[in-house]
Amino acid sequence: MKIDKNYKGLINEGWRYKIEGNIETTESLEIDLDMGLYVTESIKAGESIKAGESIKAGEFIEAGESIEAGESIEAGESIEAGESIEAGWSIEAGWSIEA
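Bear in mind that the values here come from a model prediction, so they are computed numbers and not experimental data.

*Asks:* Explain the pairing of strand S13 (residues 78-81) here, please?
*Replies:* Direction of pairing for strand S10 (residues 61-63) relative to S13: parallel, over a ladder of three bridges. What sits directly across from Glu62, in S13, is Glu80. Of the pairings in the sheet, the one linking S13 to strand S16 (residues 96-98) comprises three bridges and is parallel in character. What sits directly across from Glu80, in S16, is Glu98.

*Asks:* Explanation requested: the sheet that holds strand S5 (residues 29-31) in the structure shown.
*Replies:* Note on sheets: strands pair through backbone hydrogen bonds, and any given pair is parallel or antiparallel. As summarised here, the arrangement of the five strands in space is S1-S5-S8-S11-S14, forming an open sheet in which the pairing is parallel. Two strands in the sheet have a free side with no partner beyond their single neighbour: strand S1 (2-3) and strand S14 (85-87). Across three bridges, the pairing between strand S11 (residues 67-69) and S14 is parallel. Its bridge partner lying in S14, Glu68 is registered against Glu86.

*Asks:* Looking at this structure, how should I read the pattern of salt bridges?
*Replies:* Side chains that differ in charge, positive against negative, can pair when their charged atoms come close. Counting across every chain of the model gives seven salt bridges. The partner of Lys2 in a salt bridge is Asp32, with the nearest N and O atoms 3.5 Å apart. Placement of the pair is Lys2 in strand S1 and Asp32 in the loop between S5 and strand S6 (37-39), with a sequence separation of 30 residues. Of the residues examined, Lys2 reaches a relative accessible area of 43% and is grouped as partly exposed.

*Asks:* Before we go on, may I ask you to explain the packing of aromatic side chains in this structure?
*Replies:* Centre-to-centre distance and the angle between the planes together describe a pair of aromatic rings. Within the structure shown, the criterion is met by zero aromatic pairs. The ring of Tyr38 is capped by Lys56, whose NZ or CZ atom sits 5.6 Å from the centre of that ring.

*Asks:* How should I be thinking about the sheet that holds S16 in this particular structure?
*Replies:* Taken in spatial order, the five strands of this open sheet run S4-S7-S10-S13-S16, and their pairing is parallel. Unpaired on one side and paired on the other, strand S4 (23-25) and S16 mark the two borders of the sheet. Ignoring which end each strand starts from, the neighbouring axes of this sheet average 5 degrees apart. As judged from the three bridges shared by S4 and strand S7 (residues 43-45), these two strands associate in the parallel manner. By the bridge assignment for S7, Thr25 is matched with Ala45.

Reading the values: the criteria
- Residues numbered from 1 in each chain as written.
- Predicted model: local features only at pLDDT ≥ 70, side-chain atom pairs only at ≥ 80, totals over all residues.
- Heavy atoms only, no water.
- Pairing = 2+ DSSP bridges.
- Helix = DSSP H or I, 4+ residues; strand = E, 2+ residues; numbered from the N terminus.
- Salt bridge = Lys/Arg side-chain N within 4 Å of Asp/Glu carboxyl O.
- Buried < 20%, exposed > 50% of the residue type's maximum accessible area, 1.4 Å probe, protein only.
- Phe/Tyr/Trp six-rings, centres within 6.5 Å; stacked < 30°, edge-to-face > 60°.
- Lys NZ or Arg CZ within 6 Å of the ring centre and 35° of its normal.
- Axes fitted to C-alpha atoms, helices over the stretch in contact; angles between N-to-C directions.

Set out below in structure tokens:
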């Protein structure tokens, strides 16, 4: 699954993009945007999550394999990956981080 500027429901807030609700896929998730992405609820991928900028979720971020972001990864609750978690700047979770 790929999220780019043409993704249905994507809101440009001027300094980041926002999606209301959840993003969920059984495949890998590629986020191809020129600004960070904020998802109001959670992000879940059966395989890996890869973003060139930052990713933020109001609840949790979960991937069956790896999570990678060029800038930061942030979740209000937890961040969990089956393999690795990597960010260019920072990783922050309200409760737990597990890889």
